[in-house]
Amino acid sequence: MRAYRPQFAPQALALGAALAFSASAHAVDPALNSLGQAGGLVIPYAFPLPEGVVEGQFNNYIDPRYGARATGSQIYWGAVGLFPYVEVAGGLANYPAEVSSRFAGQDHIVLRHLMADVKLTVPKFFKYQPAIAFGMVDVGGQTHFFRSKYGAVSQPFGPLNLTVGYGQGDRLDGPFGGAQLSLWHTGLSLLAEHDSKTPYVGMRYQSPRISWLADANVIATIMRAVRSTDGVSPRTSISVGIQIPFGKRFSSERCADGLCDGTSAPVQQAQTDPGASEAIASHDVQPHYEPETADQAHPLAGEAVPFAPPSRSYASVVMANAAAAVSAKDAPAISEPLDASALDSIAAQLFAAGLERVRVGISGRDLIVEYENHRYNQNEADALGIVLGVASINAPHGIERIRAVVKKANEPLADIAVDREAYQQFLAGGSPTAASASMTMRTRPTYDADSIAWHGDDRRHGFTRIQISPVTSYLYGTEYGNFDISFGANIQGFVPLWRGAELYASYIAPLYNTKNMDNGRVFSQYRLRGGLATAALAQSFWIMPGVLNVAAVGRFNYRYVGIENETTAFVPGRPDLVRLRLAYLRQQPGEDSLPHQENAMLTYRWVQPSWNLWIEAGVARYVGGDKGPLITLTRWFDDVSVSVHGEHSGRASFVGASISFPLTPRQGMKPGITQVDGPQSFALDFRTRVGSTNYLSPGVTQNLGFPYSTGQFLLNQGRFSAAYFSTQMYRMRDAYVRYARPDDRPSKQD
């Protein structure tokens, strides 16, 4: 009797080999599923969103547990790869239904629920280790509808990704698994999975990166349950999302030729080895800089600049101004005759670039450039890059260090120094390592300004500035609406006066609000009020070396008069800050029925610039009179920040998340009679009560928002140390090449 040999075995082996080693396999970026985790249709995969990638999504998926009652679905998600192996997400699920309501005017819903997800991925320790992750869905809060804990393992085989896992809780309760098959380089993939209760099939499309939209891509998914669950018929649902990778705008890959115009480094690198193709690519932490060899050809390279490493090491940290001022006549002088025309040329180029109060002088072998910037408002590093670039290229012979003095309202805030030859070599296409290592910063200049022969004009500046920014008041996830908002324009004016002083005013112009915020409606108290919100005199000054104080006196919050004071202490030897904020506001005449507003907050901010991270913790006496601790973790991805925060008092505890981003061009208007721009930072904040029933609590664990903000208007949104600026070398070179380098090419806008 002959043994039977299956004839499909060779074909199956060939198919398996093709899947595992296909050179045309396409690496697919992780994308959110309908329940807010990077995954398939409804199950999580072990791959997190890559670090710095933000995704927003809308879908209309209905959990079969509520399918018999819900008449529709709107689910909104926002997620971010907060760290290399950490993904966090927040969302709102709304299931309307034909059910009775408890209060007049309340929406008819099965549920309207705020939730948060977190996923932690195990680092990869060996070559063939699969991706492993653990996570929680619907974390925190007293009520929960989707809460689950899970573990998942994912393994790619060419264009095919397989996932298995196990969950416990409301939504995931038992073993689950699924597969995603990428269809070559079309952006399409087929998905099939089982969440332990219901099988699903679907298709996903991920568009190519869109360069004019911050390298975003659009993600669309359609899916359908294969069979009924708990008597609920199968239903088709769709999701649409947009994914943006932040933090790669000024990477070494993009900035190889000086201008950071290259296509953004892919969120994952497609393997050239046919055997290494992945269905969903894994992601590793990349170094900040990739050193270039000295003999490497480079488009910016001109005449070679000799460089010897500095004989001393310079700490890239903020240093307190403990040294006494050094007179120019006591410093080692340049033996050669000074070429004054070079100093005039530097000042002229910086004025032409749109900087203000520029003056240039020499102290010993240091070239000192004082300047004020209100044109490059996304980041002070842009203006600093222009100053260092122009000064290092045009400085007279014999200059060893370039010192850029940052001023605001004609008050010197920082003296940032760099080795001239190291910076020249970097501008010519070299590695940023030496220039970065030579960078130092003092919070106050140590030179004797009166003993220096200045070139330029420190009285040449713009007369007024106008900043127009959106202003919002919004509520979300209430019984009366998914999202209620009052929207308007905040028109802010700045008039520089004497040293350190500015006149500041803010006028609110309401533009739109939802019905629930109309007069007489349930949320009318949250509607924006029009009129003059703030008119104050702000004065900044140094209390002592390393301690900056900003006080504003005038009218605040429409109907109050008083003082808001913020003191910032720079920690010696560290880029950390200690902040003390105090506000005392009384009702203005005619408003005697209003209570006083008092607010105090003392915090310590621990900063790790190489991670673009800070953690700020402290205590506060909140506006409502309650007291307690608070903590905020913030990560920066270029000029976009993502924060998670928590506040506690005897009355309530809250946790939340926020995202902020600039709404002003990188290069704004030149200063003149007036200068109009947008905000350096516009924030959206979402928080929810934890540990008790989630209801609206005006004034609880809330701090006043100082309209004249030290961080926003003076200290580059808190990114103000040599340790920070030394991580922005590629950006600074790009700013110089793009906006200030004299050549025949027109300045490129971005």
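Throughout, a residue's number is its position along its own chain's written sequence, starting from 1. In keeping with the model being predicted, local features are shown solely for residues with a pLDDT of at least 70 and side-chain atom pairs are shown and tallied solely at 80 or more, while totals for entire chains, interfaces and linings include all residues. Values reported for side chains reflect all heavy atoms of the structure, with hydrogen atoms and water molecules removed beforehand.

Digging into the state of the cysteines
Then step 1. Note on terminology: disulfide denotes any pair of cysteine sulfur atoms within 2.5 Å. Counted by the stated rule, this structure contains one disulfide.
Then step 2. With its sulfur 1.9 Å from that of its partner, Cys255 forms a disulfide with Cys260. Negative torsions about the S-S bond denote left-handed disulfides, and the value of about 110° found for Cys255 with Cys260 makes this one right-handed.
Then step 3. Here's how the labels work: a residue is buried when its accessible area is under 20% of the maximum for its type, exposed when over 50%, partly exposed in between, all with a 1.4 Å probe on protein chains only. In this structure Cys255 comes out as buried when scored by relative accessible area, which is 0%.
Then step 4. Judged by its relative accessible area of 5%, Cys260 falls in the buried class.

Some remarks on the packing of helix H2 (residues 340-352) against helix H3 (residues 380-394)
Then step 1. Only the contacting stretch of a helix is used when fitting its axis, a line to C-alpha atoms as for every element, and angles between N-to-C directions run 0 to 180 degrees. Put simply, DSSP marks the helices as runs of H or I at least four residues long and the strands as runs of E at least two long, and each gets a number from the N terminus on. Closest axis-to-axis distance for the H2/H3 pair is 10 Å, and the angle between their directions is 155°. Here H2 is positioned roughly antiparallel relative to H3, judged by the angle of their axes. Where H2 crosses over H3, the handedness of that crossing is right-handed. Only Ile386, Val387, Val390, Ala391 and Asn394 of H3 make contact with H2, whose side of the interface consists of Ala342, Ser345, Ile346, Gln349 and Leu350. Just so you know how the angles are binned, under 35 degrees is roughly parallel, over 145 roughly antiparallel, 65 to 115 roughly perpendicular, and the rest oblique. If you view the pair so one helix is near and one far, a crossing is left-handed when the near helix is turned anticlockwise from the far one by less than a right angle, and right-handed when it is turned clockwise. The contact criterion used throughout is that any non-hydrogen atoms of two residues lie within 4.5 Å.

What to know about the sheet that holds strand E5 (residues 131-137)
Then step 1. The twelve strands are arranged E1-E2-E3-E4-E5-E6-E7-E8-E9-E10-E11-E12 in a closed barrel whose pairing can be described as antiparallel. Between one strand axis and the next, the sheet turns by 20° as a mean value, whatever way the strands run.
Then step 2. DSSP-based pairing: two strands are paired if at least 2 bridges between them are found. Bridge count for strand E7 (residues 160-169) against strand E8 (residues 174-182) is eight bridges, and the pairing is antiparallel. Residue Thr163 lies in a different strand from E8, and its bridge partner there is Gly178.

Description of the nonpolar core
Then step 1. By size, the foremost hydrophobic cluster in this structure holds 75 residues, and its most contacted members are Leu350, Leu367, Tyr371, Ile386, Leu388, Tyr423 and Phe720.
Then step 2. By size, the runner-up hydrophobic cluster in this structure holds 37 residues, among which are Leu32, Leu35, Ala38 and Tyr95. Throughout this description, the term nonpolar core refers to a set of buried Ala, Val, Leu, Ile, Met, Phe, Trp, Tyr and Cys residues connected via side-chain atoms within 4.5 Å.

Quick look at the pairing of strand E15 (residues 366-372)
Then step 1. Of all the seven residues making up E15, seven are buried; the element is thus mostly covered by neighbouring parts of the structure.
Then step 2. Burial of the side chains of E15 extends over both faces: Asp366, Ile368, Glu370 and Glu372 are buried on one face and Leu367, Val369 and Tyr371 on the other.
Then step 3. Strand direction decides the pairing type here: strand E14 (residues 356-363) and E15, joined by six bridges, are antiparallel. When the bridges of E15 are listed, Val360 appears paired with Val369.
Then step 4. Linkage of E14 to E15, two consecutive antiparallel strands, is achieved through a turn of two residues, within which Gly364 is found at a positive phi near 65°.

With respect to the pattern of salt bridges
Then step 1. Each reported salt bridge corresponds to a side-chain nitrogen of Lys or Arg within 4 Å of a carboxyl oxygen of Asp or Glu. Throughout the structure, instances matching the rule amount to 32 salt bridges.
Then step 2. As a salt-bridge pair, Arg579 and Glu566 come within 3.0 Å of each other at their nearest N and O atoms. On the criterion of sequence distance, the pair formed by Arg579 in strand E26 (residues 577-587) and Glu566 in strand E25 (residues 560-570) is long-range, its members being 13 residues apart.
Then step 3. What emerges from the salt-bridge pattern is a single network uniting Arg249, Asp382, Asp639, Arg666, Arg719, Arg731, Asp734 and Arg738.

Section: the environment of Ala383
Then step 1. Mapping Ala383 onto the fold places it in helix H3.
Then step 2. You can call Ala383 buried: its relative accessible area is 0%.
Then step 3. Counting along the chain gives 352 residues from Ala383 to Ala735, while the straight-line C-alpha distance between them is 7.4 Å.
Then step 4. Setting aside residues no more than four positions away along its own chain, Ala383 makes contact with Leu355, Tyr371, Asn373 and Tyr376.

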